[in-house]
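# Observations on the three-dimensional arrangement
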Amino acid sequence: MFNKKIITGVMAFAVATTTYSCAFAYTPIGEYYHIPADRMETDNFWDVEVKSNYLQEDKFLEDKIQAPLIKFNPQKLKKAYSKYEDGLKGVYINSVGDTMDSNVSGSNYGGGYISLTQGSLLVNSGSAYKSCNGTTTPKDYNIYALSAIASDYAHECGHWYYDDALSKRDWGQTAEQTAKDSFALEARADAFGIRLLENVPQFSVGGDLISVYRMAQYDGWDTRKENHPTNNSRWNATYNYIREMSKNRVGYENDNDTYNNADSSTFYVRLKNEDKYWEIKVPDQYEVANFANANYKRILYNSADRAKYVMGQVAWAIKNNCWDKNHIAIYKAQEIFNDMPETPFIVYAICVEKNKNEQKIIDWVVTSNEEENSVDFYTESQNQQVNEYISALFDSLDS
Ligand SMILES: [Zn+2]
């Protein structure tokens, strides 16, 4: 019924395996050894950092970003409830950055104190780069924006976990001495961060690709081959991790110079045990609240960045042997998201349930109203795009 494209053996996946040779002083990627912060780091935060960085504590980030990361990663993260207790403290917003400037996404100060920049929150909350609507508090159902923001916080959690902030010379420490040291630290924080996202139902590893891409749209792609941490190397590492999670079954059509795909709304799922790829063309996601007219809907999140989210979640499902009809569960979206408004349309959430403790939200979809003489959510062509998207997604399930 739907015109689906099957391509066979077209994807030439030349995945570069990156090996990080860390400076000897650091715990390498994949090894977990938490280093608690020193008391002086906590004091330094209050005596110096709060004042000089114009930091504001933010309850929204604590509840919507930090809390789920801790809840679903109890082995790695913990909350501190007193000043000198080891653990994550409040989450702060640093007032730097504007709706275009996402150059610096966040900072780890030691002692469990982390901030995200105003600029990165605005940029990640917007439907696309430079399309910010001024809010830094995305709704629960804006799983795409929340995943991008969570990836920035999760990266800083990596710096907290290994106490990378402890770098002041007058504290007897010199953490980042060379570009190679700096690369190792950043790559390790990235690797730690995406593994935190992996465990949270509503956060996708693909959120990291969203965040990196939006930074790159401000800065340009940095493809230098030296030991610098670059947005290009971070993109490749996260993309390769998604490929690995999916047992090389999920990806873009061509992943030579993978970041060239960053603007693509289409990804592919290779059918299990077959050399056939389903093309999944992801449409824009529209805002459901305050809907008035099919022709004047506001885009909640653009198709290419929504695709990054879905790609990461499908990869998780494949990794956990759950990308099949037995593990898919469809809910009314209002049951999943408390703030999803009631509408004349049926909004459903597509989830994958490995067991009662491990679940993932794949995406949510608005159906057009089938009652006669009622308003439509989609234009005719949008309706077709959504139908094709959902159809292709379900056709890629393992039998
Ligand atoms: Zn970092």
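Up top is the structure these notes are about.
Throughout what follows, the structure given in this document is the object of discussion.

Protein-derived coordination of the zinc ion comes from His155 (NE2), His159 (NE2) and Glu186 (OE), at a distance range of 2.0 to 2.1 Å. Taken in sequence order, the residues that donate to the zinc ion follow the motif H-x3-H-x26-E. With His155 and His159 both in helix H4 (residues 143–161), this residue pair falls 4 residues apart, about one helical turn. Overall, His159 belongs to the buried group, its relative accessible area being 7%.

Counted under the stated rule, the structure contains 18 salt bridges. Residue Asp152 is joined to Arg234 by a salt bridge in which the shortest nitrogen-to-oxygen separation is 3.7 Å. Taken together, the residues span a long stretch of sequence, with Asp152 in helix H4 and Arg234 in helix H7 (residues 231–245) at a distance of 82 residues. Here the salt bridges share partners, and the residues they tie into one network are Asp152, Asp190, Asp208 and Arg234.

Quick look at the sheet that holds strand S13 (residues 359–366) now. Ordered by their spatial adjacency, 3 strands build an open sheet running S11-S12-S13, and the pairing between neighbours is antiparallel. Each of the sheet's edge strands pairs with one partner strand only, and the pair in question is strand S11 (328–332) and S13. Ignoring strand direction, the axes of neighbouring strands in this sheet form an average angle of 25 degrees.

Thresholds, definitions, all that
- Residues numbered from 1 in each chain as written.
- Predicted model: local features only at pLDDT ≥ 70, side-chain atom pairs only at ≥ 80, totals over all residues.
- Heavy atoms only, no water.
- Donors = N, O, S within 2.8 Å, 3.2 Å for Na, K, Ca; no water.
- Helix = DSSP H or I, 4+ residues; strand = E, 2+ residues; numbered from the N terminus.
- Buried < 20%, exposed > 50% of the residue type's maximum accessible area, 1.4 Å probe, protein only.
- Salt bridge = Lys/Arg side-chain N within 4 Å of Asp/Glu carboxyl O.
- Pairing = 2+ DSSP bridges.
- Axes fitted to C-alpha atoms, helices over the stretch in contact; angles between N-to-C directions.

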